[in-house]
Amino acid sequence: MAERYYVTTAIPYVNSVPHIGHALEFTQTDVLARNRRQRGDEVRFLSGTDDNALKNVLAAEAADVPVEEYVATNAAHFEDLVRKLDLSNDDYIRTSSDPRHVPGVERLWNAVAANGDLYRKDYSGLYCVGCEQFYEPSELVDGRCPEHGTEPDEVAETNWFFRLGDYGDALAEAITSGRMRVDPEVKQNEVLSFIAAGLQDFSVSRSAERARGWGVPVPGDPSQVVYVWMDALANYITALGYGTDAPEYHRWWVEADHRVHVIGKGIQRFHAVYWPALLLSAGVPLPTAVVVHDYVTADGEKISKSLGNTVDPRELVDRYNADALRWWFARDVPTVGDTDFTPERLVDRANQDLANGLGNLINRTLTLLHRYGGGRVPDAELDDDSLELRKLADEVDDSVTTALDRFDIRGGAIAVSELIAEGNRYVQHARPWETGKAAQAGDDAAARQFAITMRTVVDVERVAARALAPFTPSFAAAALRQLGDGGDELPEPSVLFPRLEV
């Protein structure tokens, strides 16, 4: 039975241009969305940008550019990345300009306030602009932010606070019961440990003065703007029309079978603790899963503008292609652990699996069919070797589905690459260039074997190409066009995926 699947990326700050970590998350989310559509599910895939964060304001000031202009310019870079990566998103929200956002933030604020969970107080603390959060001294590493390595600012102001401390038991129950999964398990354990240590109420507003008036004003208190972790996180429901109680909100949030957030580990606390606590307070259903990925690194270091080791994924797409980058993300980035990126690794993986793997296999198959089989896929009774390979092919869809339902994108990609490798081994063993030539000379036994080999390998190639579609959509579509879907004459072969060079 078809299910309703709502999946989102985090919305990145637009204080700078996109880096490769953003491309990883966009691609992972797209793989999940495309796979679900392929299975016949109803899917809505949302992405966007967080325009209202204080760090955007400070970056604009440093550049001596009006905030609105600065934010719009950088937001356009992220939209460009979405196009270049061939994402299949159904919706895209910019929190500073989308008319759906402010009414939704206001409704969420008012619902939480009506539940008695907001209060105003004077506060001073250590604030990291990069994280957009206050830190306790005990959370710092040698006095520096554990995420950015910078010394936090001492900030004193009056803010509105949310009673997070009241929601520890409810959050722990939601997670341990499976009502809200946190994946992978190691991340869930981290979240549960954080909850068990005792939750502190957190600030949900900033002074309008410090924010330079940029952001969503607090309802009834224009001296404050709504803090990023209530403003930005709300995008997942404001984009559905939560502010006006639109039908899409009920269809894709209240009534959806799956509500999945794909995020980076640096913001797992906010998505797996702060956000669901706000939803519980407001009487809104929780996400069903928060999927956390680790970082793509460069020379073992977290990619950071301050370190000067950023990698622009748009340049990688222009230099290689979108499918090469998407495939590296899928095939080589594990569910747990940071992964070091180099162009050499991207090129090697794409050449091994796409150019030399399925691309070359299809090219050889079509060449042999045109040389010895009239360009048509023959009918044939399969032998033991071909039946064994077909059995593996028949299992691939289930293997990919099982892996992606566990949010193990690499596991799904490995299942497809193993089928491609087995297809190549099968052809090397069957040697159809020899049986085809013998068949042309009148050898009936060779003709039967050539037919078996060609029938088997074309069927397997079709299965592999369809299974690759969520990971490498353009390459998979081109492969399926060459392979056709029946027994008709196939086109002359052409290069599907040219070998890459660093």
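Anything mentioned here points back to the structure above.
Residues numbered from 1 in each chain as written. Predicted model: local features only at pLDDT ≥ 70, side-chain atom pairs only at ≥ 80, totals over all residues. Heavy atoms only, no water.

(A) The packing of aromatic side chains, seen in detail. For the structure shown, the criterion picks out 16 aromatic pairs. Ring geometry for W229 versus F270: centroids 3.9 Å apart, planes at 5°, classification stacked. Taken together, the residues W229 in helix α7 (residues 228-231) and F270 in helix α10 (residues 268-282) connect sequence positions 41 residues apart. The exposure class assigned to W229 is buried, which follows from its relative accessible area of 5%. Ring centres 6.0 Å apart and planes at 65° place the aromatic pair Y236 and W275 in the edge-to-face group. Residue Y236 is located in helix α8 (residues 235-238), and its partner W275 is located in helix α10; the two are separated by 39 residues in the primary sequence. In this pair, the class of Y236 matches that of W275, namely buried. Grouped by ring-pair contacts, the aromatic residues F162, Y167, F202, W229, F270 and Y274 constitute a single cluster. The ring of F161 carries the charged tip of K121 above its face, separated from the ring centre by 4.6 Å. (Phe/Tyr/Trp six-rings, centres within 6.5 Å; stacked < 30°, edge-to-face > 60°. Helix = DSSP H or I, 4+ residues; strand = E, 2+ residues; numbered from the N terminus. Buried < 20%, exposed > 50% of the residue type's maximum accessible area, 1.4 Å probe, protein only. Lys NZ or Arg CZ within 6 Å of the ring centre and 35° of its normal.)

(B) Up close: the sheet that holds strand β12 (residues 258-264). In spatial order, the strands read β3-β2-β1-β12-β13-β7; together these six strands make up an open sheet with parallel pairing. Only two strands of the sheet have a single neighbouring strand rather than two, namely β3 (91-94) and β7 (181-183). In this sheet, neighbouring strand axes are inclined to one another by 20° on average, regardless of whether the strands run parallel or antiparallel. Pairing analysis gives five bridges linking strand β1 (residues 4-9) to strand β2 (residues 42-49), with the strands arranged parallel. When the bridges of β2 are listed, T8 appears paired with L46. With respect to the sheet, helix α3 (residues 67-84) is in contact with β2 and β3, its orientation differing from that of β3 by roughly 165°. (Pairing = 2+ DSSP bridges. Axes fitted to C-alpha atoms, helices over the stretch in contact; angles between N-to-C directions. Contact = heavy atoms within 4.5 Å.)

(C) Seen up close, the pairing of strand β4 (residues 118-128). Alignment of β4 against strand β6 (residues 153-162), held across ten bridges, turns out to be antiparallel. Among the inter-strand pairings, K121 is bridged to a residue of β6, identified as N159. Here β4 pairs with strand β5 (residues 133-135) via three bridges, running antiparallel. Bridge assignment links C128 to a residue of β5, and that residue is Q133.

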